[in-house]
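Commentary on secondary and tertiary structure
The lines below spell out each chain.
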Amino acid sequence: MNNVVGRFAPSPSGRMHLGNVFAALLSWLSVRSQGGELILRIEDLDPDRCKGAYIETLKEDLRWLGLTWDREQTPQSRRSAAYAEAFARLESRGLVYPCYCSRTELHAASAPHAADGQVIYAGTCRNLSPGQRAAKTKPPAWRLAVPDQVWAVEDGLQGHYEENLARNCGDFIIRRADGVYAYQLAVVVDDAAGGVTEVVRGMDLLSSTPRQLYLYHLLGLTPPRFTHVPLLLSPDGRRLSKRDRDLDLGVLRQSRKPEDILGLLAHWAGLLPAPEAISAQELIPMFDWALVPREAVTVGGNG
Ligand code: GLU
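Note that the structure is a prediction, hence the values are computed from the model and not measured.

**Some thoughts on the site of the ligand**
Every residue close to the ligand is listed here: Arg7, Ala9, Pro10, Ser11, Glu43, Tyr183, Val187, Arg201 and Leu205. Here the ligand has 300 Å² of accessible area as a free molecule, and 80% of this is covered by the chains. Looking at the shell around the ligand residue by residue, the class counts come to five nonpolar, one polar and three charged.

**As for the environment of Glu43**
Along the chain, Glu43 turns up in the loop between strand S2 (37-40) and helix H2 (52-65). Measuring from C-alpha to C-alpha, the distance between Glu43 and Arg32 comes to 22 Å, with 11 residues separating the pair along the chain. Beyond its immediate stretch of four places on either side in the chain, Glu43 contacts Ala9, Pro10, Ser11, Pro12, Cys50, Gln76, Tyr183 and Val187. At a separation of 2.9 Å, a polar atom in the side chain of Glu43 contacts the side chain of Arg41.

**What to know about the nonpolar core**
The biggest cluster of nonpolar side chains holds 46 residues, and the ones touching the most others in it are Phe8, Leu18, Leu67, Leu232, Leu265 and Trp268. At the level of elements, helix H1 (18-33), S2, H2, helix H9 (249-252), helix H10 (258-268) and helix H11 (280-283) are the ones that each hand at least two residues to this core. With 10 residues, H1 is the single largest residue contributor to this core. Setting aside residues up to four positions removed in sequence, Leu232 forms contacts with Leu18, Gly19, Phe22, Arg238, Arg239, Leu240, Leu265, Trp268, Val297 and Val299. In terms of nonpolar packing, the next biggest core, distinct from the first, is built from 35 residues, Ile39, Tyr161, Ile174 and Leu213 among them.

**Side note on the packing of aromatic side chains**
Counted according to the given criterion, the structure contains five aromatic pairs. Aromatic side chains Phe87 and Trp142 sit 5.9 Å apart centroid to centroid with 90° between the ring planes, which places their arrangement in the edge-to-face category. Here the residue Phe87 occupies a position in helix H3 (residues 80-92), and Trp142 occupies one in strand S7 (residues 141-144), the gap between them amounting to 55 residues. Given the relative accessible area of 5%, Phe87 is considered buried. Sitting over the ring of Phe87, Arg175 keeps its end group 5.8 Å from the ring centre. Sitting over the face of the ring of Phe172, Arg211 holds its NZ or CZ atom 6.0 Å from the ring centroid.

**Overview of the environment of Val297**
Tracing the chain through its elements places Val297 in strand S14 (residues 297-298). Val297 sits 36 residues away from Ile261 along the chain, and the two C-alpha atoms are 15 Å apart. The residues touching Val297, leaving out its near neighbours within four places in the chain, are Pro230, Leu231, Leu232, Leu233 and Trp268.

**Thoughts on the UniProt feature "binding site: L-glutamate" (unreviewed entry) in the protein**
When the UniProt feature table is mapped onto this chain numbering, "binding site: L-glutamate" (unreviewed entry) sits at Arg7, Phe8, Ala9, Pro10, Ser11, Glu43, Tyr183 and Arg201. Secondary-structure assignment places Arg7 in strand S1 (residues 5-8). Sequence-distant contacts of Arg7, that is, excluding residues within four places in its chain, are made with Ser27, Leu38, Ile39, Arg41, Val187, Asp191, Val196, Glu198, Val199 and Arg201. Among the polar contacts listed, one links the side chain of Arg7 to the side chain of Asp191, at a separation of 3.0 Å.

**As for the side chain of Arg211**
By the element assignment, Arg211 lies in helix H8 (residues 209-219). Here Ser207 takes part through its backbone oxygen, which lies 3.3 Å from a polar atom of the side chain of Arg211.

**Some details on the sheet that holds strand S10 (residues 172-175)**
As summarised here, the arrangement of the three strands in space is S4-S7-S10, forming an open sheet in which the pairing is antiparallel. The strands lining the two open edges of the sheet, one partner per strand, are strand S4 (96-99) and S10. Averaged over all adjacent pairs, the angle separating strand axes in this sheet is 50°, with direction ignored. As judged from the four bridges shared by S4 and S7, these two strands associate in the antiparallel manner. Residue pairing for S7: Cys99 is matched across the bridge by Ala141.

Thresholds, definitions, all that
- Residues numbered from 1 in each chain as written.
- Predicted model: local features only at pLDDT ≥ 70, side-chain atom pairs only at ≥ 80, totals over all residues.
- Heavy atoms only, no water.
- Near = heavy atom within 4 Å.
- Areas by Shrake-Rupley, 256 points an atom, 1.4 Å probe, with all protein chains shown as cover.
- Nonpolar A, V, L, I, M, F, W, Y, C, P; charged D, E, K, R; others polar.
- Helix = DSSP H or I, 4+ residues; strand = E, 2+ residues; numbered from the N terminus.
- Contact = heavy atoms within 4.5 Å.
- Polar contact = N/O pair within 3.5 Å; in protein donor to acceptor, adjacent residues only side chain to side chain.
- Core = buried A, V, L, I, M, F, W, Y, C linked by side-chain atoms within 4.5 Å.
- Buried < 20%, exposed > 50% of the residue type's maximum accessible area, 1.4 Å probe, protein only.
- Phe/Tyr/Trp six-rings, centres within 6.5 Å; stacked < 30°, edge-to-face > 60°.
- Lys NZ or Arg CZ within 6 Å of the ring centre and 35° of its normal.
- UniProt positions renumbered as here; feature names shortened; annotations may be inferred.
- Pairing = 2+ DSSP bridges.
- Axes fitted to C-alpha atoms, helices over the stretch in contact; angles between N-to-C directions.

This is the structure:
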């Protein structure tokens, strides 16, 4: 065993759809083809969106596909002490401030994030005086003050991607007003704690990577290598989402074998010229990042 460590980090907010499985398959193949170790981490951070019942289904779906893992990390819902410790370190350096803006105020005062349509925070609460803070009555969200500085990633598939955090992103939330730590902080703390050396995930998270690199830097942690894989699009151009029940595993498993689904995904990944039944194990020697497309893949409505 060498020291390559990868991970699956699914959120139990619904049944996995083919886009989730596509990213999981590619992270599995990348690690397995290097003889590395794979971690499963349940990202059940958001109590409003995640349901315990989906956790077992997720694991069962991965096992059914033959996408095995070597160890499981503590689910995020039980890691708040570790996130609180990282948060306290940032706060003690004066890098974190409370934000009282409502959703409406945010949208009125902010420009959209260049890459993902999120708003760029205008900095409204950054320089409130202690008196102004004391006068607020609602619990604040907590933002990380970002520098006017470029953070760049050399992505395994997408190449160079950079953002000036102040201009393209803005101060971002690391702890919500309800006390839940934000994904951006949790993912950095957990990947570092797990000794993760490579992150393979969906392209929708490329634009989060400069924020995460900045957090790695502030916390004195070593970032992994990142590879962002294409999203799967439905024929009308929408990204598959957990609401698109037609391409989720619950529906697909009624009529397909794991090998059928893997063959389809391997075809979309450029590993097979046409879909044909194949097991996850059989795909390992065929795996090569050079074959995997960079751009989103449009897939048929009936799979
Ligand atoms: N939990 C995220 C998801 O299910 C993945 C986060 C990550 O890979 O960094 O989409």
